[in-house]
Amino acid sequence: MASTRIAHWLLGTTRHERREGLVFLLFITPWIVGFLVFTLGPMMASFILSFTRYDITTPPVFIGVSNYTRAFSGPLSKLFWHSLRVTIVYSCTSIPLRLIFGFMLAMLLNSNIPAVSLWRTFFYLPSVLSGVAVAVLWMLVFEPYDGVINRLLALVGIEGPMWIYSKEWALPSLIIMSLWGVGGAMIIYLSALQGIPTALYEAATIDGAGAWVRFWSITVPLMTPIIFFNLVMGVIGSLQSFTSAYVMTGGGPQNATLFYSLQLYNAAFRDFRMGWASMLAWILFIIILCLTALIFKTSSAWVYYESEVRK
Amino acid sequence: MSFSKLGRRDLLRAFMLTAAGAGLMACAPKVVKETVVVEKEKIVKETVEVEKVVKEAVEVEKEVTRVVEKVVGEEEAPRAPVTITDMPSQVRGSHLPIYKLLVESFQGRNPHIKVEMQFVPDSRAKWPALLAAGTPPDLNTVHDAGREGITPADTWWLNLGPFVDQEDYDLTDFHRPNLDLCYNPFNQNLEALPFQCFVGWLAYHKGIFDAEGVETPPPDWDDTSWTPEKLRETAIFLTRDKNGRRPTESGFDPENIEQYGMTAAGTAFPTLWGWCFGGEGLMLDREDRRNVQIDSEEYIEGLQFYQNLIFKDHCKVRPLQRDELLTGTGKGGSFRTPFHTTRIAMARSTTFHLEAFKALGFEWGIAPMPRHPVTGRRFVRLAANGGAIAKDSAHPEEAWEWLSFLASPEIAEIRVVDMWQACPARKSLGPYFVERMSEVVPAEHLEVVSRAPEFSNPYYWVPGGEWQEVWSAAQQAFLANEKSAREICTESAPIIQAAWDEYYKQYGM
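All of these numbers come straight from a predicted model, not from anything done at the bench.

Calculation rules
Residue positions are given per chain, counting from 1 as you read along its sequence in written order. Labels are handed out in written order, letters beginning with A for the chains and numbers beginning with 1 for the ligands. Selection of residues for local features in this predicted model requires a pLDDT of at least 70, selection of side-chain atom pairs for listing and counting requires 80 or more, and totals for whole chains, interfaces and linings are taken over all residues. To get the side-chain values, take all heavy atoms of the structure and skip hydrogens and water. Only DSSP runs of H or I covering at least 4 residues are called helices, and only runs of E covering at least 2 are called strands; the numbering of each starts at the N terminus. For a compact globule the rule gives 2.2 Å times the number of residues to the power 0.38, and the radius of gyration it is set against comes from C-alpha atoms. Buried means the residue's accessible area, taken with a 1.4 Å probe over protein chains only, is under 20% of the maximum for its type, while exposed means over 50%, and partly exposed covers the values in between. The contact criterion used is simple: two residues touch if any of their non-hydrogen atoms lie within 4.5 Å. Only the protein chains shown count as cover for residues, and all accessible areas are computed by the Shrake-Rupley method using a 1.4 Å probe. Lys and Arg are tallied as positive, Asp and Glu as negative. Neither His nor the chain termini are counted. Lysine's charge is taken at NZ, arginine's at CZ, aspartate's at CG and glutamate's at CD. Note on ring pairs: Phe, Tyr and Trp rings are taken, using the six-membered ring of Trp, and paired if centres are within 6.5 Å. Classes follow the plane angle, with under 30 degrees stacked, over 60 edge-to-face and the rest tilted. The rule for a charge over a ring is simple: NZ of Lys or CZ of Arg within 6 Å of the ring centre, and within 35 degrees of the ring normal. Buried area: the sum, over both parts, of the accessible surface (1.4 Å probe) that disappears when the two are put together. Salt bridges are defined by distance alone: a side-chain nitrogen of Lys or Arg within 4 Å of a carboxyl oxygen of Asp or Glu. Residues adjacent in sequence count toward polar contacts only when both atoms are side-chain atoms; beyond that, a polar contact is any pair of N or O atoms within 3.5 Å, and within protein one must be able to donate a hydrogen and the other to accept it.

Caption draft 1: Examining the overall build of chain A more closely. In terms of regular secondary structure, chain A is built from 14 helices and 2 strands. Computed over its C-alpha atoms, the radius of gyration of chain A comes to 25 Å, more than 25% above the 19 Å expected for a compact globule of 311 residues. With respect to the principal axes defined by its C-alpha atoms, chain A has extents near 70 × 70 × 35 Å. Out of the 311 residues belonging to chain A, those deemed buried represent 42%. Within chain A, residue pairs in contact and separated by at least 24 positions form 64% of the contacts whose partners lie at least 6 positions apart. As displayed, chain A has an accessible area near 17400 Å², and 73% of this comes from carbon and sulfur atoms. Where the 18 positive side-chain charges of chain A centre and where its 12 negative ones centre are 11 Å apart.

The following block contains the structure:
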């Protein structure tokens, strides 16, 4: 019987195994309870609410798949698709840039330069700061008339754009800003770089490989697991971007930075349309899940694990 | 008489005296007795009567005592202590000691009611979560009362009508536009009491007017000569580029304007211009909340008038240039506006700017916003605060006592000026408000401030939803001169109308 098999699997057949199994369950129970109460439970509630009209003042009213159909084809579906497009453009641009910049920084900080520890700290610190503080700081940096960037550009005779006040430059501004937190990924790359056996580089050097070949043939392949990890985390994080748009632009100008999460927030906490917001949340969840699954599926083609034996 | 010579007469005399005495003695008890009896009877009778009276008096006293106890007992019998919670919004640090004093004063008069103030950064975000959890605060300050927390199906707020009727609460002291906002548009229940309001007027730089030789706007709400067209002409005349040229003069450089005819305190409010010209804006029509009428010719005309001020007449600061004019971190402080730069001749202003105007360093005045010659409407928006009780409050009576205390004239005096730098919602506070405003406003302009609430126009309830993003984006394109008024109105109207229809359909309307 299945239940017997599960019990055997969990608790073992011998007394010792059963005791170990019970100890395992005892230690994992707090996490399970927390997961059920604070994660799975709210997820299920949100899923059910996505099929209702719920405005907090009245009990939820079941409306079937109406929320989903209106999102894709209702009078305001244009806005739904627009916010999705803005988020995807942001993610597709910021993720590669963060991966590349993080990797390059790690390469630089893996070399023997004076005060390297200080530099590593210097580049890592921005990723520690909180989202709102960073957003306010960057509002000053992007200030068209008194901001740091435009003042520096003016020194070389360039008239800077209006940045977050311009429909064309608002989203690129937020993408540039996203590179601020690249220090977190850099540290992970750095630790992986320092784990690459130097013998490989020595052997390659002896065989006549130049720096570029060593980089592409040794460094990059051995770094692919880290790149894979950062890619997955980047996709999950960037598709949920919210703080920068909320604090700096409010979704404007002219909805140029109307991120999907911001639209979700407005639906839930400005308009109190919890059913609609729950639907948006589940669509986002499905998108992120599919993309993550796709990355995992394709990883076998480009991610190399040192201990892996390829057939 | 001597006993030695006691004669018969003496003896007879003695005998007669003795007999008389004996006779008297024999009669006296009877008389006394009778008298006593009579007296006694009388006394007893009287006693009985007195006792009867006393008894009646006692009964009456008992009855009185019973009645008094009944009456007094209902009012003054020790009531179980009750704690009510109040979550005001937009609280500043300077408000905290004032709230403390208000609570102490109230609790001194109502010892059985404990008021617990809950100060949170954003009560509007926290309130719905508490409401959904079934534990909302008893009282909340609602901004633009009559718009928050209301849907066609339900409301967050308690109907205050029964309390008003029970106490014969005088609502006539409130300015009508303020009070109108406190009524639920779907069931016409009174759901809030007004606290204070913010209204607008035109502030002007007297120095610029004098230097240009232009008459200042009339400080009189009853004056009909100050129209939108007159405002426009004045603003154009007062605008100069860096070379001193006006927009009407050849060679005028709109990219290098040194002195602007006018600006707004914010970048919004084009919808008010459309309404001023006779259109029914999205939020300004009290009667019809079903039909989006922004594509009417009057509304489009008003909006286009506004856009022309910026991009055709070049007499009004562009939204992006407004940021250029403002300096300093946080845009120059909470209440700094382009008017502070001395480069603006006229600016829309409100009460909480006036304190900052003290430090302006130039002579300024205020005047009513212009009046449309045909519609009679003025571009004066009313933003009002009010107090409302949660529908599911566990202590509605006590919450009402706290609310009516906060809305009372005595407390409103403190709240209006000291806390919010706002206009009073009560007409009776007009003289007090004028007296306080005389500390910052020149005497000849006090009437502009005191009468502003009468001429103000609130934004009414509209459905929520994503249509706001559509209209916001359209307005931004309009303010960037990328689209005309006609384009944004005709494009947005059907989308917003469809969204509204869908919203009402969900509620079976």
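This is not the end of the story, as more comes after the structure.
Caption draft 2: Inspection of the packing of aromatic side chains at higher detail. Per the stated rule, a full pass over the model turns up 51 aromatic pairs over all chains. When the centroid spacing of 5.1 Å and the interplanar angle of 65° are considered together, the rings of A:F272 and B:W156 count as edge-to-face. With A:F272 in the loop between α13 (260-270) and α14 (274-302) and B:W156 in the loop between β3 (139-143) and α4 (161-167), this residue pair bridges two chains. With respect to burial, A:F272 and B:W156 carry one shared label: buried. Members of the aromatic cluster, each reached through a chain of ring pairs, are B:W273, B:F277, B:F305, B:Y306, B:F379 and B:F478. Its end group placed over the ring of A:W276, A:R273 keeps NZ or CZ at 5.1 Å from the ring centre. Against the face of B:F237 rests B:R246, its NZ or CZ located 3.6 Å from the ring centre.

Caption draft 3: Spatial organisation of the interface of chain B and chain A. Listed per partner, the contact involves 34 residues of chain B and 29 residues of chain A. Regarding the contact of chain B and chain A, the summed buried area is about 2900 Å², with carbon and sulfur atoms giving 54% of it. Taken as a group, B:E466, B:E469 and B:Q506 account for 23% of the area that chain B buries against chain A, more than any other trio of residues on that side. Remark: the boundary between chain B and chain A carries 4 salt bridges. Notably, a salt bridge pairs A:K167 with B:E482, separated by 3.2 Å at the nearest N-O pair. The interface formed by chain B and chain A contains 14 residue pairs in polar contact (both at pLDDT 80 or more). Elements represented by at least two residues in the side of chain B that touches chain A include exactly α3 (123-133), α10 (319-325), α16 (467-479) and α17 (485-506) of chain B. With 7 residues, the top contributor of residues to the side of chain B that touches chain A is α16(B).

Caption draft 4: Structural context of the pattern of salt bridges. All names here are of chain B. Applying the stated criterion across every chain yields a total of 26 salt bridges over all chains. With a closest N to O distance of 2.9 Å, R426 and D173 form a salt bridge. Of this pair, R426 sits in the loop between β11 (423-424) and α14 (430-437) while D173 sits in the loop between α4 and α5 (176-180), and the two are 253 residues apart along the sequence. Take D173: its relative accessible area is 12%, and that puts it in the buried class. Put simply, R318 and E255 hold a salt bridge, and the shortest N to O gap is 3.2 Å. Of this pair, R318 sits in the loop between α9 (297-311) and α10 while E255 sits in the loop between β6 (240-241) and β7 (257-263), and the two are 63 residues apart along the sequence. Residue classification places E255 among the exposed positions, given a relative accessible area of 52%. Put simply, E212, R240, R246 and E249 are held in one network by salt bridges that share partners.

The analysis is restricted to geometry; functional conclusions fall outside its scope.
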